[in-house]
Amino acid sequence: MKRLMTAAMLFTLVAMFGTDTWAQSSAPPVRMAYLQSDIHHLALWVALEKGFFKVNGADVEVKGVFKAGPEIMTAFAAGELDMAYVGEAPSTTAVANKAAKVVVVSQVNTEGSALVVAKKKTNIKNLTDLQGKTVAVPGHSTVQDFLLRRALRGSGMALEQVNIIVLKPPEMIGALRIGQVDAFIAWEPYPSKADTMSVGRNLATSKEMWPGHPCCVLVSDRGFLDRHPETVVAVVKSHVQATEYIHRNPEDAVKIGIKYTGMDEATVRQAVQNVTYTYELSLQGEKEYVQFLSELGYIRLDNPDGFVDQFINPDILKGILSQ
Amino acid sequence: MALSLEISGLKKVYPSVAPDDNVQVFDRIDCIVEKGQFLTIVGPSGCGKTTLLRMIAGLEEVTSGEIRLDGERLNGCNEKVGMVFQEYALFPWRKLLPNIEVGLEIKGVPAKERRAEAMEYVRAFGLEGFENKYPKELSGGMKQRVAIARTLIANPQIVLMDEPFGSLDSQTRNTMQNFLLKIWTERKDTVLFVTHNVDEAVYLSDRIAVLSPRPTKILKVFDVNLDRPRDRTSREANRLRREILALLEHSEQYPCQ
Amino acid sequence: MSWKRLLPPVVLLLVWQGLSASGVIPEYKLPSPVAVAAGLLDLIRTGMPPGHRLHVHIYYSVQRVLWGYALALLAAIPLGIFMGWSRTLRNLMEPLVEMIRPVPPLAWIPLAILWFGIGGKSAAFIIFLGAFFPILLNTVSGVRSIDPVLIEAARVLNAGRRFIFLKVLVPGSVPSILTGMRIGIGIGWMTLVAAEFTGVKQGYGLGYMIMTARDIQRSDEIIAGMMVIGLIGLGIDACLRLAEQHLVKWR
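Bear in mind that the values here come from a model prediction, so they are computed numbers and not experimental data. (Residues numbered from 1 in each chain as written. Chains lettered and ligands numbered in written order. Predicted model: local features only at pLDDT ≥ 70, side-chain atom pairs only at ≥ 80, totals over all residues. Heavy atoms only, no water.)

Quick word on the sheet that holds strand β11 (residues 216–221) of chain A
Residue and element names in this part refer to chain A.
Consideration 1: The five strands are arranged β2-β1-β3-β11-β4 in an open sheet whose pairing can be described as mixed. Of all strands in the sheet, those with a lone pairing partner are β2 (59–66) and β4 (102–107), marking the two edges. When the angles between neighbouring strand axes are averaged without regard to direction, this sheet yields 30°. (Pairing = 2+ DSSP bridges. Helix = DSSP H or I, 4+ residues; strand = E, 2+ residues; numbered from the N terminus. Axes fitted to C-alpha atoms, helices over the stretch in contact; angles between N-to-C directions.)

So, the sheet that holds strand β9 (residues 207–211) of chain B
All names here are of chain B.
Consideration 1: With mixed pairing, the six strands of this open sheet are ordered in space as β6-β7-β8-β3-β9-β10. Edge strands, defined here as strands with exactly one partner in the open sheet, are β6 (81–84) and β10 (218–223). Each strand of the sheet is rotated relative to its neighbour by a mean of 20°, with strand direction disregarded.
Consideration 2: In the packing of helix α4 (residues 140–153) onto the sheet, contacts are made with β6 and β7 (158–162), and the angle to β6 comes to roughly 175°. (Contact = heavy atoms within 4.5 Å.)

With respect to the interface of chain B and chain C
Consideration 1: If you look at the interface, chain B gives 26 residues, while chain C gives 18 residues.
Consideration 2: Summing both sides of the interface, chain B and chain C together bury roughly 2000 Å²; the carbon and sulfur share of this comes to 70%.
Consideration 3: Contact with chain C buries surface across chain B, with B:F91, B:W93 and B:I106 losing the most and accounting together for 32% of the total.
Consideration 4: Here chain B and chain C share two salt bridges between them.
Consideration 5: In this structure, the salt-bridge partner of C:K167 is B:E105, at a minimum N-O distance of 2.7 Å.
Consideration 6: Here chain B is connected to chain C by four residue pairs in polar contact (both at pLDDT 80 or more).
Consideration 7: Ranked by the residues each element gives to the side of chain B that touches chain C, the list is headed by helix α2 (residues 96–107) of chain B, at four residues.
Consideration 8: Of the residues in the side of chain B that touches chain C, the class split is 15 nonpolar, four polar and seven charged. (Buried area = accessible area lost by both parts, 1.4 Å probe. Salt bridge = Lys/Arg side-chain N within 4 Å of Asp/Glu carboxyl O. Polar contact = N/O pair within 3.5 Å; in protein donor to acceptor, adjacent residues only side chain to side chain. Nonpolar A, V, L, I, M, F, W, Y, C, P; charged D, E, K, R; others polar.)

Digging into the environment of A:S113
Residue and element names in this part refer to chain A.
Consideration 1: You can see S113 is positioned in strand β6 (residues 113–118).
Consideration 2: Of the residues examined, S113 reaches a relative accessible area of 3% and is grouped as buried.
Consideration 3: Sequence separation between S113 and D82 is 31 residues; the distance between their C-alpha atoms is 26 Å.
Consideration 4: Those residues in contact with S113, other than ones at most four positions away along the chain, are H40, Q144, L147, A186, W187, E188, T205 and S206. (Buried < 20%, exposed > 50% of the residue type's maximum accessible area, 1.4 Å probe, protein only.)

Thoughts on the environment of B:K49
Residues and elements named next belong to chain B.
Consideration 1: Residue placement: K49 occurs in helix α1 (residues 49–57).
Consideration 2: The class of K49 is buried, set by a relative accessible area of 6%.
Consideration 3: Separated by 118 residues in sequence, K49 and S167 place their C-alpha atoms 17 Å apart.
Consideration 4: Setting aside chain neighbours within four positions, we find K49 in contact with I41, V42, G43, P44, E163, V194, T195, H196 and L211.
Consideration 5: Separated by 3.2 Å, the side chain of K49 and the backbone oxygen of G43 make a polar contact.

Description of the interface of chain C and chain A
Consideration 1: Taken together, the contacts link 20 residues of chain C with 28 residues of chain A.
Consideration 2: Both sides of the chain C and chain A interface together cover about 2000 Å² of buried area, and 54% of this is carbon and sulfur.
Consideration 3: In this assembly, chain C and chain A are joined by two salt bridges.
Consideration 4: In this structure, C:R214 and A:E71 form a salt bridge, with 4.0 Å as the shortest nitrogen-oxygen distance.
Consideration 5: If you list the elements that add at least two residues to the side of chain C that touches chain A, you get α5 (109–116) and α9 (206–215) of chain C.
Consideration 6: The element that contributes the greatest number of residues to the side of chain C that touches chain A is α9(C), accounting for five residues.
Consideration 7: Class assignment of the residues belonging to the side of chain C that touches chain A gives a composition of ten nonpolar, four polar and six charged.

Details of the packing of helix α6 (residues 120–144) of chain C against helix α8 (residues 161–196) of chain C
Residues and elements named next belong to chain C.
Consideration 1: Contact geometry of α6 with α8 gives a least axis separation of 7 Å together with a crossing angle of 155°. Classed by the angle they form, the pair α6 and α8 counts as roughly antiparallel. Between α6 and α8 the crossing geometry is right-handed.
Consideration 2: Looking at the contact of α6 with α8 residue by residue, the class counts come to 14 nonpolar, 13 polar and no charged. (Parallel < 35°, antiparallel > 145°, perpendicular 65-115°, else oblique. Left-handed = near helix turned anticlockwise from the far one by under 90°.)

Here it is as structure tokens:
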């Protein structure tokens, strides 16, 4: 009886404190998200496939695959995510409108979107021909929405002259094919897919609409960063490594891209070529976002520069690159 | 005397699943109602009095036999046959006046004429002041007066009445009986009246037909030779009543199914 | 409306404001009533998306609902009266109706877009589906609940089919039809928001407005929009109830 009691006490002690120690010694799981079939987020997929996260000591769990940036920001607001690959426009909007508290810790890519019109039977030759036509965007205040409006403004058109509707990118090609929309703007590989399917062709690439524009960023929930800075560092480090891997091993990167988008090789190859994968942050680019979003009325900031300083945290990246 | 309603060899059978199980309501009914006459049918409950009226009105099918009105064979609903229901059957969504007008409306009489005629009935039947009331606002007696007006305004050749005062309390009932007699005396319609109340039958009718339980036959037809206006409590009235009641009791040895 | 009826919502608002102001409910999870009121002002003055103001959204949404609803009335009431009257037709149609009815209108969205394209027509179609069935079923039951003796009274007065149809069946089933209409517009208005998620070309519509507010993470405007929708729905219902009371005085 005595032996049984001692064993039970020992077991209880180990259970109470032993697991605690275990929990402290292993990294907390990082709940991450990315956009469905968004080739911009290739670095994340590479890092997952090649085990970079594990090597750097981060336990990454893909909590969700979303259809557009605003949805990812809503998930942050609900406390469902710790870090994510997401567009700079939706994340800026969410933070400026005080819905989510995230910071940008690294760039993910620049460029890599396109405005697509029907391949056949269309008389849309340039942007001004879009007057009175219907264009699909993945959501309001997405990078693509932003690009489109910026390009229209640049062509001297008033934004109300074009009918902008929201469709999820998987629906866009079908809608274009049967003529429900006259054009769509989406992230790669959807423009490339429209091309390889002979349904659409690029009217303008994002490169032409805003050269070198920052597109997707890697963000972290502020509270998560405060509580687990070393984990965030580990994730950013993996991201940097994965980005460089894409440049050094393009063939393997394409293979991974095929796996995660489920699209054919020709499409993915073409798509990857249209994207510039980089981790270099651009404060200037963010300031442009803030300014235009304010002009559109999506956000209202008393101190735009102060906002940008708060929103982008370049220190983590600096720390990693200096090593 | 000119014949009005002639019923010969009337049979009514409700078919059921098992052929032997058919419900035979009437065996052979032969009956004649003469013009301007008030004939009442009395009989035990459930013995087809209402079914008989409904067959004449055209609401039920005749299995075999003939019904003739002034020599013409009746087949289905006919504007020559009018019917007053026990439940009044007024259209609840119509006010009093439009309810009376219905028969004329169906005939296509223009609105002004309809209104004028209906108003005459309103005055004759003591319904003034209630023209714009809905049926739900009327008493039982008033509703039945409206129902009778609705039937009479269409000028039918025979008026069927299916226990019209059955839902009323005895005081109102008496009032309505007098009311009915007053109108009938003026207009001399041919009336076929159904009731299970022998008193009522004796008070109102020229002739009384007594029905048997099912399969129904006419047991006997009584001539009521009492002078009008009638005394409910006179010796002759009592004697007749006793005779009819005895006949009914005797026949109830074989109660209806 | 007595003052007492307003009490629960007012108390709710005060409690909500208290919880928000004290920080028990964080602002980003649920904006305070004051924030929602400010959001409503934004919707009225600036609009969402910016430049698309609230009253225009209301105009387009109401239009769509009226179209879908009108079509539902035109289809469901005559069909309902025929079905109520004819057992043969009822037996024929009932299996079909009972199969389609449980399918939520929203499930029709992909088909609607395929048939009517993106825009107001598919939204109106979804609303039509939502409103159609309550109107149909209530009409059928309205006809069937007419006391048969009324029809017999009409027949005895030598009424023809047309008279019975127009002057007995229709007025007799009006109370049930009105109930069905009230339920129908309620459901129709409710499906509006989701129906407009199918995408509306002009960029106007209360559902579209809320969807945009969601994209831009303006939950104060989302809730303000929801309240507008709720209030309009309430108003419509109140109007129909008044009409009901007036038309069915004879009950």
